[in-house]
Amino acid sequence: MRAAVIQEHGEPLEIEDVSYPEPAPDQVVVETEACGVCRSDWHAWQGDWSWIGAGVPEGQILGHEPAGIISEVGEDVETLEAGDRVAVPFHLGDGTCPHCREGRANNCETVLPLGLSEYSQGAFAEAFAVREADFNCVKLPEEVDFTEMAGLGCRFMTAYHALADRADLRPGDWVAVHGCGGVGLSAIHIAQALGAHPIAVDVLDSKLERAEELGAIETVNGADVDSAPQEIKKLTGGGADVSIDALGIAETCQNSVNSLGTRGSHVQVGLTTGEEQGQIDLPVDVMTMQEIDFHGSFGMPLVRYEELFRLIAKGTLEPGKIIGETLSLDELPGTLASMDDYETVGIPVVTEF
Ligand SMILES: [Zn+2]
Ligand SMILES: [Zn+2]
């Protein structure tokens, strides 16, 4: 089958013929119908995250935001069968640790990120295997479209958990979103759908325009103002209630914290780059005196999908709105390389394999 493979970090992915996955007893094989292209793919391709033990080796097949149809079922799998339509959250849990037993695969002690580990080849391929499939696969409602669901395994659900659970967003809250890539745009859409007032921050007008279409009440182009945090404090009359770093560089993280008012909540969604290697200076005294919270947020507990699907069925949330261009596997290497300059708008989705 065809797959996009890392030959060398930072060099264009190569489309190769690789063997079709064989399911282990706990696994299913899913034929990929759609798979989003994420900033995390770009990081892994660059060779980032070795500082948290999460770098991928050369030979890796990336792709961790898939939706597709089950083609093969391992002998121990009980709840899934060939033909089932599924989305697969990127954080594949073992299903047995204390966190998984609470439905929190995103906090699994032995989490295996799909497409981001040599033991878990990803979905930029005609098919891919899913470990502990009964536990990890999320069955899709009949009516939803695969392309629209591609972000549900990563960006969209990550933004939902960050806002609804970690920040405990309330209607009427001011929400500053720093970085309007896929997860940032998802956060804008979700914030407005939940009755909050999103402010979009980016340095590219094309992304800010998309953010406005998705419901941003205000936009701040960080390249046009002296200080994005000061601008947000002006717009909100004192500071945002919730602020998200949806990119993961020192500047957006610090800007996010500095955008908050007293008792505000910062949510860190982006993992950092080779520049920061996870280390960022923060104004700890101000955070202490103003009782500002710093939350980490990673993926979404599987138990939260039910609510997410309910909101999608009601039409409150429309994940399809965040989709950017659709592309073929052959176009993927070029699209990934174009993310060097942060100019892709919305989530690119591979739909032809
Ligand atoms: Zn992702
Ligand atoms: Zn676990």
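What you see is a predicted model; the values in this text were computed from it and never measured.

Rules used in this analysis
- Within any chain, residue numbers begin from 1 and follow the written order of that chain's sequence.
- As they are written, the chains are lettered A onward and the ligands numbered 1 onward, keeping that order.
- This being a predicted model, a pLDDT of at least 70 is required before a residue's local features are given, and a value of 80 or more before pairs of side-chain atoms are given or counted; all residues contribute to the totals for chains, interfaces and linings.
- Only hydrogens and water are set aside when side-chain values are computed; all heavy atoms of the structure are taken into account.
- Segments assigned H or I by DSSP are reported as helices when at least four residues long, segments assigned E as strands when at least two residues long, and all are numbered from the N terminus.
- Burial classes: relative accessible area under 20% of the type maximum marks a residue as buried, over 50% as exposed, and values in between as partly exposed (1.4 Å probe, protein chains only).
- The contact rule is simple, with two residues in contact once any of their heavy atoms fall within 4.5 Å.
- Asp and Glu are treated as the negative residues and Lys and Arg as the positive ones, with His and the ends of the chain left uncounted.
- Every charge is mapped to an atom, namely NZ of Lys, CZ of Arg, CG of Asp or CD of Glu.
- For helices, the fitted line uses only the C-alpha atoms of the stretch in contact; every axis is such a line through C-alpha atoms, and the angle between N-to-C directions lies from 0 to 180 degrees.
- An angle below 35 degrees is read as roughly parallel, one above 145 as roughly antiparallel, one from 65 to 115 as roughly perpendicular, and any other as oblique.
- Put simply, Ala, Val, Leu, Ile, Met, Phe, Trp, Tyr, Cys and Pro go in the nonpolar bin, Asp, Glu, Lys and Arg in the charged bin, and everything else, Gly too, in the polar bin.
- DSSP calls a pair of strands paired once it identifies at least 2 bridges connecting them.
- Here the coordinating atoms are restricted to nitrogen, oxygen and sulfur within 2.8 Å of the metal centre, or 3.2 Å for Na, K and Ca, and because water is not among them the sites may look incomplete.
- A site with four donors is called tetrahedral when every donor-metal-donor angle falls between 85 and 135 degrees; four donors are called square planar, and six octahedral, when opposite donors sit more than 155 degrees apart and all other angles fall between 65 and 115; any other arrangement is irregular.
- UniProt positions are given in the numbering used here, feature names are shortened, and annotations may be inferred rather than shown by experiment.
- Residue types Ala, Val, Leu, Ile, Met, Phe, Trp, Tyr and Cys, when buried and joined through side-chain atoms within 4.5 Å, form a set referred to as a nonpolar core.
- An automatic or database domain assignment supplies the start and end points of every domain.

A. Quick peek at the overall build of the chain. Within the chain one finds 12 helices and 17 strands. Taken along its principal axes, the extent of the C-alpha atoms in the chain is 60 × 40 × 35 Å. Taking all 353 residues of the chain together, 54% fall into the buried category. Taking the intrachain contacts of the chain between residues at least 6 apart in sequence as the baseline, contacts between residues at least 24 apart amount to 70%. Averaging the positions of the 19 positive and the 61 negative side-chain charges in the chain gives two centres separated by 10 Å.

B. Inspection of the packing of helix 5 (residues 155-166) against helix 11 (residues 305-314) at higher detail. Running from N to C, helix 5 and helix 11 point in directions that differ by 105°, and their axes come no closer than 11 Å. Between helix 5 and helix 11, the angle is such that the two are roughly perpendicular. Of the residues in helix 11, those in contact with Phe156, Met157 and Tyr160 of helix 5 are Tyr305, Glu307, Leu308 and Leu311. Looking at the contact of helix 5 with helix 11 residue by residue, the class counts come to 6 nonpolar, no polar and 1 charged.

C. Expanded view of unusual backbone geometry. A positive phi angle, near 50°, is found at aspartate 168, a position not held by glycine. Mapped onto the elements, aspartate 168 comes out in the loop between helix 5 and strand 10 (174-178). The partly exposed category is assigned to aspartate 168, whose relative accessible area is 41%. If you check the backbone angles, glutamate 291 has positive phi at about 50° while not being a glycine.

D. Summary view of the sheet that holds strand 10. Reading across from one edge, 12-11-10-13-14-15 is the order of the 6 strands in this open sheet, with parallel pairing throughout. If you trace the sheet from one side to the other, it starts and ends with strand 12 (218-221) and strand 15 (293-296), each paired once. Shown here is a sheet whose adjacent strand axes are inclined to one another by a mean of 20°, direction ignored.

E. Main features of the coordination of the zinc ion (ligand 2). In this structure, Asp94 (OD), Cys97 (SG), Cys100 (SG) and Cys108 (SG) serve as the protein donors to the zinc ion (ligand 2), at separations of 2.2 to 2.3 Å. Considering all 4 donor atoms around the zinc ion (ligand 2), angles at the metal cover 96 to 119° and the coordination shape is tetrahedral. Taken in sequence order, the residues that donate to the zinc ion (ligand 2) follow the motif D-x2-C-x2-C-x7-C. For aspartate 94, a relative accessible area of 12% gives the class buried. Residue cysteine 100 is classed as buried on the basis of its relative accessible area of 3%.

F. Seen up close, the UniProt feature "domain: Enoyl reductase (ER)" (unreviewed entry) in the chain. Residues annotated in UniProt with the feature "domain: Enoyl reductase (ER)" (unreviewed entry) correspond here to residues 10-350. Helix makes up 28% of residues 10-350 and strand 23%, and the two end C-alpha atoms of the span are 20 Å apart.

G. Region of the structure containing the nonpolar core. One finds Leu163 and Leu308 to be the most contacted residues of the largest nonpolar core, which totals 57 residues. Residue assignment for this core shows that the elements contributing at least two residues are helix 4 (146-149), helix 5, strand 10, helix 6 (182-193), helix 7 (205-213), strand 13 (240-245), helix 11 and strand 17 (347-352). Two domains each donate at least three residues to this core, and these are domain 1 (2-140 + 318-350) and domain 2 (156-296).

H. Just the environment of isoleucine 199, in detail. Locating isoleucine 199 in the fold gives a position in strand 11 (residues 197-202). By relative accessible area, isoleucine 199 is classed as buried at 0%. Considered as a pair, isoleucine 199 and leucine 235 are 36 residues apart in the sequence and their alpha carbons are 8.9 Å apart. Residues within four places of isoleucine 199 in sequence aside, it is in contact with Trp174, Val175, Ala176, Val177, Ile188, Glu218, Val220, Ile232, Leu235 and Thr236.

I. Local environment of the coordination of the zinc ion (ligand 1). Ligation of the zinc ion (ligand 1) by protein atoms is provided by Cys38 (SG), His64 (NE2), Glu65 (OE) and Cys154 (SG), these donors lying 2.1 to 2.5 Å from the ion. Seen from the zinc ion (ligand 1), its 4 donor atoms lie at angles of 87 to 131°, and the figure they make is tetrahedral. The buried category is assigned to histidine 64, whose relative accessible area is 1%.

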